[in-house]
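Spelled out, the chains give:
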Amino acid sequence: MNAIHRKLLRELWHLRGQVLAIAVVIAGGVATLVMSLTSLDSLVITRDAYYADYRFAHVFATLKRAPESLRETIEAIPGVQQVETRVVAGANLDIPDFDDPASAVLVSLPDGRNAELNRLFLREGRLPEAGRDREVVMHESLANAHGLRPGDSISAIINGRRQALDVVGVALSPEYIYQLKPGDLFPDFKRHGVLWMNREALAAAWDMSGAFNDVVLTLTRDARTRDVLDRLDHLLAPYGGMQAVDREDQLSHRYLALELEQLGMMATVFPTIFLGVAAFLLNVVLTRLIGSQRDQIAILKAFGYGNLAVGLHYAQMVLAIIALGLAIGIVVGLWFGQGMAEMYRMFFRFPYLEFHITPRVVVIGALVTVAAGLVGTLAALRRAMRLPPAEAMRPEPPPAFRATLIERFGLQRLFNQPTRMILRNIERRPAKALLTVVGIGMACGILTVGRFQEGALDYLIKVQFGLAQRDDLTVTFVEPTSRRVLHELSAIDGVVYAEPFRSSAVILHHGHRSYRTALQGLQRNGSLRRLLDDELNLFDLPPEGVVVNDFLAAELHLKPGDSVQVEMLEGRRETRELPVIGIIREFTGISAYMDIEALNRLLREGPAVSGAALALAPQARDAVVQHLKDMPRVAGVTDRQTAIRNFYESMADIVLTFAFFSTLLAGSIAFGVVYNSARIALTERSRELASLRVLGFTRGEIGYILIGELALLTLAAIPAGFVIGYALITYIAHSVESDLYRIPVVAEPSVFAFAATIVFISAAASSLIVARRLYHLDLVA
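Residues numbered from 1 in each chain as written. Predicted model: local features only at pLDDT ≥ 70, side-chain atom pairs only at ≥ 80, totals over all residues. Heavy atoms only, no water.

Draft legend 1. Representation of the packing of helix α13 (residues 417-428) against helix α20 (residues 699-735) in the model. Between α13 and α20, the least distance of the axes is 9 Å, while the angle of their chain directions is 45°. In this view, α13 runs oblique relative to α20, as classed from their interaxial angle. In this structure, the crossing between α13 and α20 has a hand that is right-handed. In contact with P418, T419, M421, I422, L423, N425 and I426 of α13, α20 contributes E701, Y704, I705, G708, E709, L712 and L713. Here the contact of α13 with α20 is composed, by residue class, of 9 nonpolar, 3 polar and 2 charged. (Axes fitted to C-alpha atoms, helices over the stretch in contact; angles between N-to-C directions. Helix = DSSP H or I, 4+ residues; strand = E, 2+ residues; numbered from the N terminus. Parallel < 35°, antiparallel > 145°, perpendicular 65-115°, else oblique. Left-handed = near helix turned anticlockwise from the far one by under 90°. Contact = heavy atoms within 4.5 Å. Nonpolar A, V, L, I, M, F, W, Y, C, P; charged D, E, K, R; others polar.)

Draft legend 2. A look at the nonpolar core. Core analysis: the biggest nonpolar cluster contains 57 residues, and Y50, I177, Y178, L256, F348, F350 and L740 have the highest contact counts within it. Secondary-structure elements contributing two or more residues to this core are α2 (16-53), α7 (251-292), α9 (307-348), α14 (430-468), α19 (640-694) and α20. If sequence neighbours within four positions are ignored, F348 has contacts with I177, Y178, L256 and E259. Counting 30 residues, the second-largest nonpolar core is a separate cluster that includes I426, I702, L710 and L713. (Core = buried A, V, L, I, M, F, W, Y, C linked by side-chain atoms within 4.5 Å. Buried < 20%, exposed > 50% of the residue type's maximum accessible area, 1.4 Å probe, protein only.)

Draft legend 3. Layout of the packing of aromatic side chains. Throughout the structure, instances matching the rule amount to 13 aromatic pairs. Sitting above the plane of the F189 ring, R349 keeps its charged end 5.2 Å from the centroid. (Phe/Tyr/Trp six-rings, centres within 6.5 Å; stacked < 30°, edge-to-face > 60°. Lys NZ or Arg CZ within 6 Å of the ring centre and 35° of its normal.)

Draft legend 4. Structural view of helix α6 (residues 225-236). The end-to-end C-alpha distance of α6 is 16 Å, a good match for the 16 Å that 12 residues give at a rise of 1.5 Å each. Buried within α6 we find V228, L229, L232, L235 and L236. Along the axis of α6, the buried residues cluster in a sector spanning 130°; they form a single face. Looking at the buried residues of α6, the elements they touch are β1 (59-67), α3 (70-75), β2 (80-86), β10 (211-219) and β11 (245-246). (Expected span 1.5 Å × (residues − 1). Arc of directions from axis to C-beta.)

Draft legend 5. Quick peek at the sheet that holds β2. The strand order across the open sheet formed by 4 strands is β2-β10-β1-β11, and the pairing between neighbours is antiparallel. With one partner strand each, in any of the chains shown, β2 and β11 form the two edges of the open sheet. Strand direction decides the pairing type here: β1 and β10, joined by 6 bridges, are antiparallel. Bridge assignment links V59 to a residue of β10, and that residue is L217. (Pairing = 2+ DSSP bridges.)

Draft legend 6. View of unusual backbone geometry. Although it is not a glycine, Q243 sits at a positive phi angle of roughly 70°. Counting through the fold element by element, Q243 comes out in the loop between α6 and β11. Residue classification places Q243 among the partly exposed residues on the basis of a relative accessible area of 22%. The phi dihedral of R604 is positive, around 55°, even though this residue is not glycine. Inspection of the secondary structure puts R604 in the loop between α17 (596-602) and β21 (608-616). Taking relative accessible area as the criterion, R604 reaches 46% and is therefore assigned partly exposed.

Draft legend 7. Region of the structure containing the packing of helix α1 (residues 3-14) against α9. Look at α1 against α9: their axes get within 10 Å of each other, and the N-to-C directions meet at 40°. One element, α1, and the other, α9, form an angle in the oblique class. The two elements α1 and α9 meet at a crossing, and its hand is right-handed. Across the interface between the two elements, I4, H5, K7, L8, E11 and L12 from α1 touch A309, H313, Y314, Q316, M317, A320 and I321 from α9. The class makeup of the residues in the contact of α1 with α9 is 8 nonpolar, 3 polar and 2 charged.

Draft legend 8. Geometry of the pairing of strand β6 (residues 135-139). By the criterion of burial, β6 is predominantly enclosed, with 5 of the 5 residues buried. Every second residue of β6 is oriented toward a common face, with E135, V137 and H139 on one face and V136 and M138 on the other, all of them buried.

Draft legend 9. Examining helix α21 (residues 749-775) more closely. End to end, α21 covers 38 Å across 27 residues, agreeing with the expected 39 Å (1.5 Å per residue, within 8%). Residues V751, F752, A755, A756, V759, S762, A763, S766, S767, V770 and L774 constitute the buried set of α21.

Draft legend 10. Region of interest: the environment of V609. Within the secondary structure, V609 sits in strand β21. Among the residues examined, V609 registers a relative accessible area of 0% and is labelled buried. For the pair formed by V609 and P500, sequence separation is 109 residues and the distance between their alpha carbons is 6.2 Å. Discounting residues that sit within four places of it in the chain, V609 has contacts with F477, E479, P480, T481, S482, R483, V485, P500, F501, R502 and I596.

Draft legend 11. How the structure looks around the pattern of salt bridges. Taken as a whole and assessed by the stated rule, the structure comprises 27 salt bridges. Here D622 ties to R621 by a salt bridge, and the two come within 3.2 Å at their closest N and O atoms. On the basis of relative accessibility, which here comes to 24%, the residue R621 falls in the partly exposed class. Each of the salt bridges in this network shares a partner with another, and the network as a whole consists of E68, R71, E75 and R199. (Salt bridge = Lys/Arg side-chain N within 4 Å of Asp/Glu carboxyl O.)

In structure tokens:
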């Protein structure tokens, strides 16, 4: 080991506190990157393996009723590999010891065996035996929610008839990773699930013997999906086909893909922020270190070390710090990544988890970190290499004396001497002060990002379920029914008011863009379902024309005054052109709205309703729910409070868990930035502070000079951090927008208060450490 390497080791040991603090900052970025990429890779591998092993279909289509003989015609479509026809129906469930209404999707299985496509993964029990009409397999989410196991029994109302069902198995399916009840935005495992039963039994119950109302396909490798969909739609149109969709638009897969897409976005945004702060911090540390080692650089060059050798010496210091941060970050990231992947596996109920630690993730983490560190310190390295020996032998010239702004206004008499020293040092070295403010501000900004999501989700709930949806219960019917049903609902004891709605599946076209969604017919001037504009003021529904939410308007490039083509997917399946009257603000879902009477005219039907929103008297909920449970036309009942709980138990849990990890790592970064700023200031000013001690200043006074300057810069950094944080919040909120939900750009005062508190705590802890070093300051040295 030559002399320059021994110097490197001594300096790393001497600066061990700062080295560790910077390494923690780097580790935060690396851990976030490794955590996100590892969990994302593992989930994608698990999903793809699950899809392949259990033969998840490529194309899905629903219809009213078609003869089984049509199957051969579908098989003849070019590109179709395999076809499976099914009977799919809805049912209301009566679950023991559960008073609320529950519903299920009933899916047929080939009698006595597993499906060929969308096969079941049996957790427990067995498949229904041929000829056993009462046997069903239950989805694991519904079974676990009620503690049901093979051998238990439930009752179901199937096509208006009550039937006892025996649970013989508990299973999972790649088709129902994400399950939604009609009218809901998030899963409710207690009140909605999936049951599989023999084809013959389900067909008999729904008068579908020799017929089907659902079909799934797999395609060949060279198939043109769009052509297959068009041909299939053409074949199914006479039988009430509802437009076939490929795998990308299948409900469960789409929501799963959105979650993984958002996780991938987090894998980009957060590590970029963290590693950017680390690069900035390395630059500051190395710049100031080189400034304090001018004489050592001169001696090295005088002893024959060239510019390249000196540059490599400081580059090795940077690489050593990066290596330590990488080691910590990779270990922590893998640990957090496995926890994140397992959390997602449980949420989506994958039957297994293929957790993979791919070298790609480690290599990406290492390359990104090294690149960020070296780019961040490039200017400082060049300065060390270009510093001439003769110039380096001289101490850095002190700044030229000039009166400060305070002194020019004659305000110095208001401050004592140590305070004037603080203000004078900041004003005469504005670049260093600015760097410190920016560094601490970035740490503060990161903390706001990790914290804002909780408040934003609370705001989303407040707007969506407090201002827009104000009903106590939402009732949806098996099929559109006469408006007279409102009188029946209003007559139920405890129902104060019933407000109707009509929902129809449509495809909206504008130019070359199109989107499949639901056209919602609402009652004008309704009090339970209301539309809100950009300012969250009430938006009056027009008597004609459509109103779209802001996300749909952006998707189709619509603005008020445009015309949109509405292709109806039910009834006479006509296409009409309607004007866009307005754009409303919504944070969940993606829909278009119009007056319910205008929608019924558009559908060429009488005053029909798809459901109703109910306002209840206090304490009447249980009695009303029990009454609705016995109505065969009711397909589902959604409780507003239950919907809120489901939101927090599903999407919010994932978001807040990621926010917790991010906040934890951001807190470590905040401490690293503040601590390094304090230590660098101590290193730069140790000679000056020791001189003041010799001149008679007390330890308290020199501590006040150093720590007071840090406190003043920290105070200045907090507002800058708020601005940085709000900019990051806006970017992230727009990045995670999807048709499932949008996070509002709302930062509560508590978000900024939390970030400021963590920064102040970090500053206080750093000040205590620096004060201890000041107490032991070697005056002679």
